[in-house]
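Residues per chain, in single letters:
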Amino acid sequence: MIIEAANIHKSFGTLEVLKGVDLSVEKGEVVSIMGASGAGKTTLLQILGTLSTPDSGSLVIDGQDILKLKGDDLTCFRGRRIGFVFQAHHLLPEFTALENVMIPALIAGIRRKEAQNRAETLLKEVGLEARSGHKPSEMSGGEQQRVAIARALVNEPAVLFADEPTGNLDSATKQEIHKLIFDLRDRLGQTTVIVTHDPELAALCDRTLTMRDGRFI
């Protein structure tokens with residue numbers, strides 16, 4: 001298993017958001033998590049992605065006991081083994097597509113030439129080889145999201161976490177991104193966990209889990 005989460009609890013003040021969540025995800029699996037707003041989906045994704053710490057429970061990702069990692073060790077693990085794609089692209093506007101994809105690799109200490117080679121390969125994978133020198137303002141929303149996906153993959157993460165990755169896109173572009181996610185799984189064996197409200201995307205996944213009131217139902 002790439003992800004093994006057991007009995008995850010999380011409260012904010014007196015509000016119990018996660019009430020003992022269990023989740024196992026196999027390598028190469030694409031899993032979607034659905035549920036109404038407030039069900040706990042994003043909180044769970046933040047915990048799985050090591051951006052937030054549970055109040056109790058256990059979490060192992062890629063063989064690493066996450067709750068034993070602190071400070072720089074946790075930051076290093078997150079940077080190297082976890083990729084994130086959000087609803088908003090969060091691309092840096094002053095940099096080209098190639099530079100945006102390279103940045104996480106450079107931060108992780110990868111040599112510039114290797115970072116550039118990885119970024120060029122990934123931009124080709126997502127169909128943007130010809131747009132590598134363009135800045136975000138010169139690209140469509142779908143192209144920007146493709147760059148964001150390539151950036152999330154540049155450090156060869158064990159898991160890609162996506163939070164409403166097609167939430168801001170029109171229907172035709174959504175379908176392109178949906179296809180891309182599964183093409184990447186088929187070509188790269190990429191494990192992916194997606195929080196979505198989109199039943200079309202969820203239907204394409206290997207498994208769909210539904211949350212209600214802080215639990216899977």
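Here the structure is a predicted model, which means the values were calculated and not measured.

By secondary structure assignment, the location of T191 is in strand β8 (residues 191-195). Residue classification places T191 among the buried positions, given a relative accessible area of 1%. When neighbours within four sequence positions are excluded, T191 is seen to be in contact with I2, V25, E26, K27, G28, E29, A158, V159 and L160.

A few words now on unusual backbone geometry. Not every positive phi belongs to a glycine, and T50 is a case in point at roughly 65°. With respect to the helices, strands and loops of the structure, T50 is situated in the loop between α1 (41-48) and β4 (56-61). Even without being a glycine, D62 presents a positive backbone phi close to 55°. Mapped onto the elements, D62 comes out in the loop between β4 and β5 (64-65). Relative accessible area serves as the criterion here: at 32%, D62 is assigned to the partly exposed category.

Here helix α6 (residues 171-188) is 18 residues long and its end C-alpha atoms lie 26 Å apart, about the 26 Å a rise of 1.5 Å per residue gives. Among all positions in α6, only T173, I177, H178, L180, I181, F182, L184 and R185 are buried. Count one or two residues on from α6 and you reach G189, which has phi positive near 70°.

Bringing the pairing of β8 into the picture now. Across the five residues of β8, five count as buried, placing the element largely inside the fold. Taking every second residue as pointing to the same face, both faces of β8 are buried, with T191, V193 and V195 on one and T192 and I194 on the other. Where strand β3 (residues 30-34) and β8 come together, four bridges link them in parallel fashion. Each residue of the ladder has a partner; that of I33, found in β8, is V195. Inspection of the sheet shows strand β7 (residues 159-163) paired to β8 by five bridges, in the parallel sense.

Now for the sheet that holds β8. Sheet strands pair by backbone hydrogen bonding; their relative direction is either parallel or antiparallel. Read from one edge to the other, the open sheet built from six strands follows the order β6-β7-β8-β3-β9-β10, with strand pairing classed as mixed. The two strands at the open ends of the sheet, each matched to only one other strand, are β6 (82-85) and β10 (215-216). Contacting β6 and β7, helix α5 (residues 141-153) crosses the sheet at an angle of about 170° to β6.

With that out of the way, let us pick up the sheet that holds strand β1 (residues 3-12). The strand order across the open sheet built from four strands is β2-β1-β4-β5, with neighbouring strands paired in antiparallel fashion. Both outer strands of the open sheet, β2 (15-25) and β5, are each paired with one neighbouring strand and no more. Direction of pairing for β4 relative to β5: antiparallel, over a ladder of two bridges. Among the inter-strand pairings, I61 is bridged to a residue of β5, identified as Q64.

Rules used in this analysis
Residues numbered from 1 in each chain as written. Predicted model: local features only at pLDDT ≥ 70, side-chain atom pairs only at ≥ 80, totals over all residues. Heavy atoms only, no water. Helix = DSSP H or I, 4+ residues; strand = E, 2+ residues; numbered from the N terminus. Buried < 20%, exposed > 50% of the residue type's maximum accessible area, 1.4 Å probe, protein only. Contact = heavy atoms within 4.5 Å. Expected span 1.5 Å × (residues − 1). Pairing = 2+ DSSP bridges. Axes fitted to C-alpha atoms, helices over the stretch in contact; angles between N-to-C directions.

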